[in-house]
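Understanding the architecture of this molecule
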Amino acid sequence: MATPDKPTILIHSDKSTTVEFEVVVQGLSKSIKPQVRLALHFDDHCRTYNCERITSEDKKDKNMWSVNVPSLSKFTKDQTIPFTVEVIVDSFYFVPTEGTLEFIVEPVVKV
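Residues numbered from 1 in each chain as written. Predicted model: local features only at pLDDT ≥ 70, side-chain atom pairs only at ≥ 80, totals over all residues. Heavy atoms only, no water.

Moving on: the pairing of strand β3 (residues 35-41). Both β3 and strand β7 (residues 80-89) contribute to a ladder of six bridges, which runs antiparallel. Bridging from a neighbouring strand, R37 pairs with E86 of β7. Sheet topology places β3 next to strand β4 (residues 46-50); five bridges connect them, and they run antiparallel. Bridge assignment links R37 to a residue of β4, and that residue is N50. (Pairing = 2+ DSSP bridges. Helix = DSSP H or I, 4+ residues; strand = E, 2+ residues; numbered from the N terminus.)

Here we take up the pattern of salt bridges. Under the definition given, this model contains two salt bridges. We note a salt bridge from E98 to K6, for which the minimum N-O separation is 2.5 Å. Of this pair, E98 sits in strand β8 (residues 92-103) while K6 sits in the segment before β1 (8-11), and the two are 92 residues apart along the sequence. A salt bridge links E86 to R37; its shortest N-O distance comes to 2.8 Å. Residue E86 is located in strand β7, and its partner R37 is located in strand β3; the two are separated by 49 residues in the primary sequence. (Salt bridge = Lys/Arg side-chain N within 4 Å of Asp/Glu carboxyl O.)

As C-alpha cells, then:
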C-alpha cells in the first residue's frame, strides 16, 4: 500500500506499461541535461530503464518524465518489486524517491 514517503507504481505484467512522473531539478544552467532512470531492484539483479523528458508545446510540464516498462511476465502477479528513481546530473547521483512496483491483476473470465 502506498504512503506519501513510499509511492506505489501499478503495472501490467503481461504487456509493457508507460509510467509518467515528475522530477524537478533546480539550479542548473540550460546546457546541463539531467539523466533520469527508473531502477527495478530484484532479488538477484537490478534493471535500469532510461526515462525521457515529456515535451509539451506549452512547456508547462517541463518536469514530467516518461518510461516504458516492458512486460515482466516471468514474475508472479502477486510479487512486489522495490524501485528507485535515479537522477544523474553534472557527475552527481541522486535518488529522489523509492517505492514499490506492483502488478495489476488481470480479470479472469470463464464460460
